[in-house]
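Residues per chain, in single letters:
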Amino acid sequence: MTEPVVEMRGISIEFPGVKALDGVDFRLFPGEVHSLMGENGAGKSTLIKALTGVYPIDAGEIRIAGEIRRLNGTADARNAGIATVYQEVNLCANLSIGENVMLGQEPRSALGIRWKALHAAAHAALERLGLGALDPRAPLSSLSLAVQQLVAIARAVQRESKVLILDEPTSSLDANEVANLFRVIRRLRDEGVAILFVSHFLDQVYAISDRMTILRNGRYEGEFLTKDLDRTALISTMIGKDADALRSIAARRARHDGEPQVVLSATDLGRKGSIAPTDVDLHRGEVVGLAGLLGSGRTELARLLYGADRADTGSIIRAGKRADLRSPRAAMRSRIAYSSENRRDEGIIRDLTVRENLILGLQTKRGWARPIPRREQDELVQKYIGELGIRPADPERPIKQLSGGNQQKVLLGRWLATQPEILILDEPTRGIDIGAKAEIQGAVAALAERGVTVVFISSELEEVVRLSDRILVLKDRRKIAELVNGEHVTADTIVAVIAEDAATAHEETEA
Amino acid sequence: MNRVKGLVKKPPFWGFVAILLLLAINLAKDPRYLAITVSPVTGNLVGNVIDILRVVAPILLIAFGMCLVIATGGIDLSVGSVMAVSGAVAMQYLHDHGAPDSVGDALAAIGLALGVALLVGLVNAVLVAVVGLQPFITTLVMMLAGRGLAKVVTQGQNTNAVNDPMRWIANGYVLGIPVVFLLALVLIVVVAVLIRRSALGLLIESLGVDPKAARLAGVDRRALLFSAYLLSALLAGIAGLFATGSVMTVDVSQTGYQAELDAILAVVVGGTSLAGGRFSLGGAVVGAFLIATLDKTIVFLGVPASATPAFKAVVIVVLCLLQSQRVRGWIGQAGARMRAARKAVA
């Protein structure tokens, strides 16, 4: 076997009061894709930050290409040949593609930047990833998010990187885009680049990686060849208990009997440029899944139901009365809650604490003049920290210090505290680990049992099928089907519905 | 020890240290600087400290308003001009209609002045919250327009008036302490209680940190912005009455001149970020006292008038440096190196 290009031994990192990493080992070989697995808060991000020089290590050693290195800052890591592409694309939308690829590495002459050379170099870097068709002079903003991500990779590898770290690169991509990304990853792997891959999508991890290292609670749980470890074993190693907990959720979802009670009925609800007029009925105690690809209009429909965007056609009957949902406040008064898919920009309030974030919804509902007494706040926060398993269980910690899954749980708590009758969850499980996912799915099922109507949006069709009583399928910004869930409905059914619609649409244009 | 460390990290701490330092400098020049005596004629307290209390009153008020506006993610550059407008309206009214000892006339003048101040605040609020203009541009325009309005009100004159009740508010004493300071104290306590005992503080902070997320959480942006800009204008209007009442003259080009800068400095020294979000009213109080002490010290030390702004700037820059995370990191590192070196020697 060849020498590992990265070898980390006994890495420990301590934050005030928390041991984030405790004696973790990690190796990375050239020409392999290595997945780092673990729940939220298991220490994946911390380990990556140790390797990229963001956090200094308290114990252990890092060898890069056989030499012991001390990484003080990201520049050290870059110089050692370690490149990173983060979950959120860190590019400049106002610059051209080529400028982004070469940012900080512009070929210069006495008269400034040599633009021709810059664009040639950028083109070469893109070509290497099979993106030769892109014009380096075009503005970055002309590209879809997925292609921007590939540009970010081109930027990362254009300086002879030996190691490429991809942190959740697929969380906002659709299936096609993921396939594209994987093509690029394989190409780099075959060139001998060592790739560290982090994703919560198990299918993708199995599709792309050769080896995986599993962390749990900041400790090293082992390193495995992907082909030697099946999913059940992986999940139980990650969460340290049986994966049966996940399966039981589906069983718990009992079918409803009797006449469904309509709590909300929207007719011709639509908004120009975001979703065509659509009819939606929601029943009490029902989970309604919105399925469809990214950009199919799922989020747009949800935002109209919450008043986050104004509908320009249609009307909504809420509990038998006509409701004018022209702002989130109006929707909240109608006891509708909406948790955005964009957790970072539209969900959490970064600088506020867990407690403040959690009570915010209830507080705005009550109005500024009726502050929630501190005792009641503490009780609420304790309740939801316990029920939803928010970790760390410290209400006074700024929410920005929590992992994504735990931020999501706080947001779920925020909306549950307002006691909604209709709860719209937009991608509540995106980018979070399997344990937190199970907890959130469990909470959704329990809510429906208690009579809350849940609108559940997810890119993971399996998840939609597992949870929903009824599934609205959307495509190209309109509703194309409504399925009553049952034994015969699977993720494949939905895919077939979407594909079939494409076929009919095609025929229509032919005719 | 840990508690001391936590205190040092709280931004107002260094403002507090700076105040003590300035007082120490003054004491070095005159050992009797801090002495407070009872005036044998009037029975009131006199001394430099009392002077500082008098100077700090208007700064406290505008700093409080500024602090709230900044917390929403905005800024209010018009406070100085609002002071001038409010003073101009009051003086002009008393000049034209006022009887020298009529309490009613004084109240009418005050009501009229604050009404006009609120009008300016309302324009700010509408432009920022409804029209969606940038706070900086909006209030910059109102800063120019406000002083223009003051000149229109007095027809370009520095109007003076005679009215004893008005004069008493600005120059009088209760229990030996200046009325202006007591009034300012009452006002800021009322505002602080209103903000921190209700949920307004939390809502303003969430709006300032992340307006989009706050909107989806049901925060009423418009109402909060209206409250902040109106309150800021109202407090500035009162500050304008204090400033003009003490001499019973409005100087349309000097009253409240660059007061917005004092207010912003007080807020920043108090540890509130100009980016909005988390704010500290206590910090703004410390900041206002620092500005007042600094102003008095400059006069007391006889710093030439032309060098005054530079002197002020140096003090503020040093303070901001001490509060910056990075500089603090450097100081910490240097300290650690020195300790290590000492250990090595031992």
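Quick caveat, the model's predicted, so the values are computed rather than measured.

Colleague: Could you give me a rundown of the overall build of chain B, with the residues and numbers involved?
Modeller: Helices and strands together make up the secondary structure of chain B, namely 15 helices and four strands. Taking 346 residues into account, the globule formula puts the C-alpha radius of gyration at 20 Å, and chain B, at 22 Å, falls close to it. Its C-alpha atoms give chain B principal-axis dimensions of roughly 80 × 60 × 40 Å. Expressed as a percentage of its 346 residues, the buried residues of chain B come to 47%. When contacts within chain B are restricted to residue pairs at least 6 apart in sequence, those whose partners lie at least 24 apart make up 77%. Of the roughly 15900 Å² of accessible surface on chain B, 69% is carried by carbon and sulfur atoms. Charge centroids of chain B, computed over 25 positive and 14 negative side chains, lie 20 Å from each other.

Colleague: Explain the interface of chain B and chain A to me, using residue names and the numbers behind them.
Modeller: With 21 residues of chain B at the interface, the matching set in chain A holds 29 residues. Summed over both partners, the interface of chain B with chain A comes to about 2100 Å²; 65% of that surface belongs to carbon and sulfur atoms. For the interface between chain B and chain A, the tally reads three salt bridges. Between Asp 220 of chain B and Arg 329 of chain A there is a salt bridge; the shortest N-O distance is 3.6 Å.

Colleague: Now, about the sheet that holds strand S3 (residues 33-37) of chain A: what can you tell me, with residues and values included?
Modeller: Residues and elements named next belong to chain A. Taken in spatial order, the six strands line up as S6-S9-S10-S3-S11-S12 in an open sheet, and their pairing is mixed. Every other strand in the sheet has two partners, leaving strand S6 (82-85) and strand S12 (219-225) as the edge strands with one partner each. Put simply, the sheet's adjacent strands are angled 20° from each other on average, direction ignored. Here S3 runs beside strand S11 (residues 211-216); their pairing, made up of four bridges, is parallel. From the neighbouring strand, Leu 36 faces S11, where its bridge partner is Thr 213. The strands that helix H6 (residues 175-190) touches are S3, strand S9 (163-167) and strand S10 (194-198); relative to S10, the one it contacts most, it runs at about 150°. Those strands touched by helix H8 (residues 231-239) are S3, S11 and S12, and its axis lies near 30° from that of S11.

Colleague: Go over the sheet that holds strand S14 (residues 275-283) of chain A with me, naming the residues and quoting the values.
Modeller: All names here are of chain A. With antiparallel pairing, four strands are arranged side by side in an open sheet as S14-S13-S16-S17. If you trace the sheet from one side to the other, it starts and ends with S14 and strand S17 (321-323), each paired once. Shown here is a sheet whose adjacent strand axes are inclined to one another by a mean of 20°, direction ignored. Here strand S13 (residues 262-271) pairs with S14 via six bridges, running antiparallel. Directly across from Leu 264, in S14, lies its bridge partner Leu 282.

Colleague: So what's going on with the nonpolar core? Residues and values would help.
Modeller: Formed by 164 residues in total, the largest nonpolar core has its most connected members in Leu 264, Tyr 306, Leu 423 and Ile 424 of chain A together with Met 166 of chain B. The greatest single-element share of this core, amounting to 17 residues, is contributed by helix H3 (residues 48-71) of chain B. Ignoring sequence-local partners within four residues, the contact set of Ile 424 of chain A consists of Ala 302, Leu 305, Tyr 306, Ile 336, Ala 337, Tyr 338, Ser 339 and Val 455 of chain A. Counting 50 residues, the second-largest nonpolar core is a separate cluster that includes Val 33, Ile 97, Val 101 and Ile 153 of chain A.

Colleague: Kindly report on helix H1 (residues 44-51) of chain A, identifying the contributing residues and their values.
Modeller: Residues separated by three or four positions in an α-helix point in the same direction, a consequence of the helix having 3.6 residues per turn. Counting buried residues along H1 of chain A, six of its eight residues qualify, which places the element largely inside the surrounding structure. Positive backbone phi, at 80°, marks Gly 53 of chain A, one or two positions downstream of H1 of chain A.

Colleague: Hey, could you go over the side chain of Thr 244 of chain B for me, with residue numbers and the actual values?
Modeller: All names here are of chain B. With respect to the secondary-structure elements, Thr 244 resides in helix H11 (residues 221-245). Using a relative accessible area of 0% as the deciding quantity, one classes Thr 244 as buried. Ignoring any residue separated from it by four or fewer positions in sequence, one finds Thr 244 in contact with Gly 87, Met 91, Thr 249, Val 250 and Thr 255.

Colleague: Tell me about the pattern of salt bridges, and please be specific about residues and values.
Modeller: All names here are of chain A. With the rule as written, the count across this model stands at 38 salt bridges over all chains. Put simply, Arg 189 and Asp 210 hold a salt bridge, and the shortest N to O gap is 3.9 Å. Of the two residues, Arg 189 sits in helix H6 while Asp 210 sits in the loop between helix H7 (202-208) and S11, which places them 21 residues apart along the sequence. When its relative accessible area of 31% is taken as the criterion, Asp 210 is described as partly exposed. Among the salt bridges present, the one from Asp 351 reaches Lys 400, with a minimum N-O distance of 3.1 Å. Residue Asp 351 is located in the loop between helix H12 (343-347) and helix H13 (354-366), and its partner Lys 400 is located in the loop between helix H14 (374-388) and helix H15 (404-417); the two are separated by 49 residues in the primary sequence. Exposure remark for Lys 400: the relative accessible area of 46% places this residue in the partly exposed category. It is possible to trace a salt-bridge network through shared partners that takes in Arg 27, Glu 32, Arg 211 and Glu 223.

What counts as what
Sequence order sets the numbering: in each chain, residues are counted from 1 along the sequence as written. As a convention, the first chain written is A and the first ligand written is 1, with the rest following in written order. At least 70 in pLDDT is required for a residue's local features to be given in this predicted model, at least 80 for side-chain atom pairs to be given and counted, and no such filter applies to totals for whole chains, interfaces and linings, which use all residues. Note that water and hydrogens are dropped before the side-chain values are worked out from all heavy atoms of the structure. A run of H or I in DSSP counts as a helix once it spans at least four residues, and a run of E counts as a strand once it spans at least two, with each numbered from the N terminus. Each radius of gyration reported is based on C-alpha atoms, and the globular scaling rule is 2.2 Å times the count of residues to the power 0.38. The buried label goes to any residue with under 20% of its type's maximum accessible area, the exposed label to any with over 50%, and the partly exposed label to all in between, with areas taken from a 1.4 Å probe on protein chains only. By definition, residues are in contact when any of their heavy atoms lie within 4.5 Å. Methods summary: accessible areas were calculated by the Shrake-Rupley approach with a probe of 1.4 Å, and residue burial reflects only the protein chains presented. Under the counting rule used here, the positive set is Lys and Arg, the negative set is Asp and Glu, and His together with the chain ends is not counted. One atom stands in for each charge, and that atom is NZ of Lys, CZ of Arg, CG of Asp or CD of Glu. We define buried area as the total accessible area lost by two parts upon association, computed with a 1.4 Å probe and summed across both. Salt bridges, as used here, are contacts in which a Lys or Arg side-chain nitrogen is within 4 Å of a carboxyl oxygen on Asp or Glu. Pairing between two strands is assigned when DSSP locates at least 2 bridges connecting them. Every axis corresponds to a line fitted to the C-alpha atoms, with the helix fit spanning only the stretch in contact, and the corresponding angles, defined between N-to-C directions, vary from 0 to 180 degrees. We call a set of buried Ala, Val, Leu, Ile, Met, Phe, Trp, Tyr and Cys residues a nonpolar core when their side-chain atoms join them within 4.5 Å.

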